[in-house]
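# Structural overview
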Amino acid sequence: MPRRSRLHIPQHHSRPGEEPDFSYLETSPAGAVPRPDVNARVRDIGNLSIDLVRVLDDNHVAVGQWNPHLEVQDLQIGLRHMLLTRIFDDRMQRAQRQGKTSFYMRCLGEEAVSVAQGMALRPKDMLFPAYRNQGLYVVRGRPLVDLMCQLLSNTRDMCKGRQLPVMYHWAEGRIFSISGNLTTQFPQAVGWAMAAAIKGEDDIAVSWIGEGSSAEADFHHAMLFASVYMAPVILNIVNNQWAISTFQGFAGGEQRSFAARGPGYGMAGIRVDGNDFLAVYAVTQWAAERARTGAGPTLIEHVTYRGAAHSTSDDPARYRPKDDYEKWPLGDPVLRLKNHLIKLGEWSEERHQALARELEVHVTESWKEAVQYGTLTDGPRLNRDLMFQDVFKEMPEHPPRPGRRGAPPPPPPPRPGPRPAGCAERASSCGRSREFDMAQMNMIQALNSAMDIMLARDPNVVMLGEDIGYFGGVFRVTDGLQRKYGEHRVLDTPIAEGAIVGAAIGMGVNGLRPVAEVQFADYIYPACDQIFSELARLRYRSAGDFWAPVTIRTPCGGGIRGGQTHSQSPEGIFTHVCGIKVVMPSTPYDAKGLLIASIEDDDPVVFFEPKRLYNGPFDGDANKPAVPWSTHAKGEVPDGYYTVPIGKAEIVRKGSAVTMVAYGTMIYVCEAAAKALGIDAEIIDVRSMVPLDTDTICTSVKKTGRCLIAHEATRFSGFGAEIPATIQEECFWALEAPIGRVAGWDTPYPHAFEWEYFPGPLRVAAALKAVMEAA
């Protein structure tokens, strides 16, 4: 008789007060799993994701085909590194308990994962660690003092006090900045590896997450891109059985191994005994060779156990037996390697104790040196002005503005690029530059020309996005670029915005200048964690040691009757995030010059492209929506290379009666409204929202005494609210009337009522008239 379906809740086998029960753990005898050729097909090695690769047997003897046959000296070095990691770990735990640092996370029981893998990799391989990979720094030789100073947030903190303790990095040692956001670095590692393959290098990328983090979308993104592009990357899941208080069943480990997800994506997947130094070394060596020879990526599941609490903020006795680590069937990695060396006759208990005492002294001396540079409670302390550095490569005048307490001085103003005539009523567009041959282009052609020029000028420039290659983009903006520059420079990607941006970050870290397209601004939200938490903060959190010069292009606004999922203008959301520049052009000339400047910028740029302007300047008349864009005039644009400076607004129409501030499509609406009313309005095209040219805006408002701000996005909390706040601070005594705002309605963009939603000339004119009549 059929049973009713019911919700399954994973249940751990033992809880506090009970006997530890690891009967669920599936293992294989040591030496029983065969070692295939590194170029074996994924379909032929599926057993590796089910069985458990083990080398050390119960008698501490290395057996089987996976035995790496390491020299005794290498084994002793590995033991030394693991023991040092453990002693360092224990000392830092005690320091936190003593109030010297705010937080710590131990790696007790997981030392073999980091140490064995670190030793099996090459020094130039790029490592994207998680927060329990202390052994990687030990293997690559980073002084313990440096790690301790980061934990103490003192005057020698590599992160300048910006990162939570244990969020280390080491650019010189090729160890990436740790993020507190789970799994975000998985797709970044894949992007780094893709860049290495594009450049023809044989360095590989390696990244680590816990099994609980494999539930994140970024895990899927990384696996997908790694598989599709056969990226030279090793992706590690450290299955230590616990994600804080939820055991591995909540991440899907009850049903099948985590390694089995590899073959599901078309890549090799291997389960390895994570407490067996030799097995971890051998599997890593195999996967690295596979990646370097073009056979593709590997997903490694390290079956291990988190011997300590999740962090110093956690008490594992509340959810698992107290003595569970002592009962873990795969033992302790340090003891197992020690016993193996003793079995070989190359070690002894006496030598081990002597080594432990030596390393204790080393850790103690390192701690004494580290605290001389300050602790959480005792000086010397970091200079708090450091918080203003590294948000961008060069801090712009706004934000933060000069004059605020602690704000850095502004940089020198950028050199303006030449600007020819071509846009009606634009006061600053007088005269034609003699440096260029001029062409008539719409915005699509201008953007295409910018990317064409940059692909030709800089071999590190690459494009990636949905449908941008063979098809040329849904708006044809990238048409012809793949045919001209090849599939490795203009990459078609899966429909995965978070993966596109995550991979672009990794590419940027590896020296490329990626231009990522998100097909519609409405689709950018799945990528926001990568943009907000990673791309924007990378330079800041690593104190300038890492950055990613990524440009993200995305069409925004209405104009195609796309409804609520193809018409949004979310620029205000992005201006709130420190560390990214936000740009929106209104003319073909600006589109080309600003895009070239964005690609060349060492800071990340989100480049919004108003769809309504793609095929020619919008005439501002909402009463003629059926008029094809192709009937509108094109603008004059230089054929060659030029830039428009980011962070510099433009006065597109001089006037003395009122200042109108807008950007994108709304520039033309403001022009139409001012003309219809016959008002001598000065119209400012912001062009760049971050950094914002407050000088041009405030100078105009001080002259006119009145101001109206217009944008297509919703009114409430839109970027237009920031501009009057700034004007009020800087120009209050010059104002003759309240500042006006006109924007889209505070509703999603409706399909059937596009022109009723859009703030057209009639609404702008009414708002402008109100500003002019206000006392």
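Residues numbered from 1 in each chain as written. Predicted model: local features only at pLDDT ≥ 70, side-chain atom pairs only at ≥ 80, totals over all residues. Heavy atoms only, no water.

## Considering the overall build of the protein chain
- Helix and strand content of the protein chain: 22 helices and 21 strands.
- A principal-axis box enclosing the C-alpha atoms of the protein chain has dimensions of 95 × 65 × 60 Å.
- Per-residue burial for the protein chain yields a buried fraction of 61% across its 775 residues.
- Restricting to contacts in the protein chain with at least 6 residues of sequence separation, those with at least 24 account for 78%.
- For the protein chain, the distance from the average position of its 81 positive side-chain charges to the average position of its 91 negative side-chain charges is 2 Å. (Helix = DSSP H or I, 4+ residues; strand = E, 2+ residues; numbered from the N terminus. Buried < 20%, exposed > 50% of the residue type's maximum accessible area, 1.4 Å probe, protein only. Contact = heavy atoms within 4.5 Å. Lys, Arg positive; Asp, Glu negative; His and termini not counted. Charge placed at Lys NZ, Arg CZ, Asp CG, Glu CD.)

## Here's the deal with the pairing of strand E7 (residues 298-303)
- Here E7 lies mainly inside the structure; six of its six residues are buried.
- Here E7 shows a buried face lined by Thr298, Ile300 and His302 and a second buried face lined by Leu299, Glu301 and Val303.
- In the sheet, strand E3 (residues 233-239) pairs with E7 via six bridges, with the strands oriented parallel. Bridging across to E7, Ile234 finds its partner in Thr298.
- Regarding the hand of the β-α-β motif, the stretch spanning strand E6 (residues 268-273), helix H8 (residues 277-292) and E7 is right-handed. (Pairing = 2+ DSSP bridges. Right-handed = clockwise from strand over helix to strand, strands pointing away.)

## Notes on the environment of Asp273
- By secondary structure assignment, the location of Asp273 is in strand E6.
- Here the alpha-carbon distance between Asp273 and Pro36, two residues 237 residues apart in the chain, equals 17 Å.
- With residues near it in sequence (within four places) discarded, Asp273 still touches Leu52, Val53, Arg54, Ala279, Val280, Val303, Leu330 and Arg336.
- At 2.9 Å, the side chain of Asp273 and the side chain of Arg336 are in polar contact. (Polar contact = N/O pair within 3.5 Å; in protein donor to acceptor, adjacent residues only side chain to side chain.)

## A word on the sheet that holds strand E17 (residues 658-662)
- In spatial order, the strands read E16-E18-E17-E20-E21; together these five strands make up an open sheet with mixed pairing. Single-partner strands in this sheet number two, and they are strand E16 (650-653) and strand E21 (740-744). On average, each strand axis in the sheet is inclined to that of its neighbour by 25 degrees, with strand direction left out of account.
- Note: strand E20 (residues 707-714) against E21, four bridges, orientation parallel. Residue pairing for E21: Ala710 is matched across the bridge by Val742. (Axes fitted to C-alpha atoms, helices over the stretch in contact; angles between N-to-C directions.)

## What to know about helix H22 (residues 761-773)
- Counted at 1.5 Å a residue, the expected span for H22 with its 13 residues is 18 Å, and the 18 Å between its end C-alpha atoms agrees.
- When we look at burial in H22, the residues that qualify are Pro761, Val764, Ala765, Ala767, Leu768 and Val771. With its buried residues spanning 165 degrees around the axis, H22 presents them on a single face. Exposed side chains of H22 directed beyond 90 degrees from the buried face belong to Leu762 and Glu773.
- Taken together, the buried residues of H22 touch E17, helix H18 (666-677), E20 and E21. (Expected span 1.5 Å × (residues − 1). Arc of directions from axis to C-beta.)

## Quick word on the confidence of the model for the protein chain
- Averaged over every residue, the pLDDT of the protein chain is 92; residues scoring 70 or more account for 93%.
- Of the regions scoring below 50 in pLDDT, residues 401-434 engages in 76 contacts with residues more than four places distant in sequence or in other chains. (pLDDT = per-residue confidence, 0-100.)

## Here's the deal with the nonpolar core
- Counting residues in each nonpolar core, the largest one holds 83 residues, and the members touching the most others are Val190, Val233, Leu235, Ile531, Ile552, Phe574 and Ile697.
- Beyond its immediate stretch of four places on either side in the chain, Phe574 contacts Ile524, Cys528, Ile531, Phe532, Ile580, Val582, Val606 and Phe608.
- Listed in part, the 80 residues of the second largest apolar core include Met92, Ala112, Ala282 and Ala370. (Core = buried A, V, L, I, M, F, W, Y, C linked by side-chain atoms within 4.5 Å.)

## Here we look at the packing of aromatic side chains
- Under the defined criterion, the tally for this structure stands at 26 aromatic pairs.
- Here Trp242 and Tyr319 contribute two aromatic rings whose centre-to-centre distance is 5.2 Å and whose plane-to-plane angle is 45 degrees, an arrangement assigned as tilted. Taken together, the residues Trp242 in strand E4 (residues 242-243) and Tyr319 in the loop between E7 and helix H9 (333-343) connect sequence positions 77 residues apart. Grouping residues by exposure puts Trp242 and Tyr319 together as buried.
- Linked through ring pairs, Phe22, Tyr24, Tyr305, Tyr325 and Trp328 together constitute an aromatic cluster.
- Looking at Arg35, its charged tip hangs above the ring of Trp66, at a distance of 5.6 Å from the centre. (Phe/Tyr/Trp six-rings, centres within 6.5 Å; stacked < 30°, edge-to-face > 60°. Lys NZ or Arg CZ within 6 Å of the ring centre and 35° of its normal.)

## Here we look at the sheet that holds strand E10 (residues 490-492)
- Spatially, E10-E9-E11-E12-E14-E13-E19 is the arrangement adopted by the seven strands of the open sheet, whose pairing is mixed. Two strands lie at the open edges of the sheet, namely E10 and strand E19 (688-690), each paired on one side alone. Ignoring which end each strand starts from, the neighbouring axes of this sheet average 20 degrees apart.
- Sitting on the sheet, helix H17 (residues 588-600) touches strand E9 (461-465), strand E11 (513-517), strand E12 (551-556), strand E13 (581-583) and strand E14 (605-610), and the angle it makes with E14 is about 160 degrees.

## Points about the pairing of strand E2 (residues 205-210)
- Within E2, five of the six residues are buried, which leaves it mostly tucked inside the rest of the structure.
- Where strand E1 (residues 126-128) meets E2, three bridges bridge the pair, whose relative direction is parallel. Considered in E2, the bridge of Phe128 is made with Ser207.
- Inspection of the sheet shows E2 paired to E3 by six bridges, in the parallel sense. Bridge assignment links Ile209 to a residue of E3, and that residue is Ile237.
- The β-α-β motif built from E2, the intervening helix H6 (residues 217-228) and the parallel element E3 has right-handed crossover chirality.

## Some details on the side chain of Asp218
- Mapped onto the secondary structure, Asp218 falls in helix H6.
- Despite being buried, Asp218 has no salt bridge partner; Arg541 is the closest side chain of opposite charge, sitting 11 Å away.
- With residues near it in sequence (within four places) discarded, Asp218 still touches Leu182, Thr183, Thr184, Phe186, Pro187, Asp529 and Gln530. (Salt bridge = Lys/Arg side-chain N within 4 Å of Asp/Glu carboxyl O.)

## Section: a nonpolar patch on the surface
- On the surface, a nonpolar cluster with roughly 340 Å² of combined accessible area is contributed by Leu7, Ile9 and Phe250.
- Along the chain, Phe250 turns up in the loop between strand E5 (246-247) and helix H7 (261-264). (Patch = residues over 30% accessible without salt bridge, like charges linked within 9 Å, V, L, I, M, F, W, Y side chains within 5 Å. Areas by Shrake-Rupley, 256 points an atom, 1.4 Å probe, with all protein chains shown as cover.)

## Observations regarding the environment of Ala681
- As for its position among the elements, Ala681 is in strand E18 (residues 681-685).
- The exposure class assigned to Ala681 is buried, which follows from its relative accessible area of 0%.
- Sequence separation between Ala681 and Leu708 is 27 residues, and the spatial gap between their C-alpha atoms is 9.8 Å.
- Aside from chain neighbours lying at most four places away, what touches Ala681 is Arg653, Lys654, Gly655, Val658, Met660 and Ala674.

## Remarks on the packing of helix H5 (residues 185-198) against H6
- Where H5 contacts H6, the axes come no closer than 7 Å and their chain directions differ by 20 degrees. By the criterion of interaxial angle, the relationship of H5 to H6 is roughly parallel. Viewed along their axes, H5 and H6 form a crossing whose handedness is left-handed. Residues Phe186, Pro187, Val190 and Met194 of H5 form the contact with H6, whose own contacting residues are Asp218, Phe219, His221, Ala222, Phe225 and Ala226.
- Here the residues of the contact of H5 with H6 sort into eight nonpolar, one polar and one charged. (Parallel < 35°, antiparallel > 145°, perpendicular 65-115°, else oblique. Left-handed = near helix turned anticlockwise from the far one by under 90°. Nonpolar A, V, L, I, M, F, W, Y, C, P; charged D, E, K, R; others polar.)

## Here we look at the packing of helix H4 (residues 144-152) against helix H10 (residues 349-371)
- Where H4 meets H10, the axes come as close as 9 Å, and the angle between the chain directions of the two elements is 50 degrees. Classified by the interaxial angle, the pair formed by H4 and H10 is oblique. Between H4 and H10 lies a crossing whose hand is right-handed. Seen from H4, the contacting residues are Leu144, Val145, Met148, Cys149 and Leu152; seen from H10, they are His362, Val363, Ser366, Trp367, Glu369, Ala370 and Val371.
- Here the contact of H4 with H10 is composed, by residue class, of nine nonpolar, two polar and one charged.

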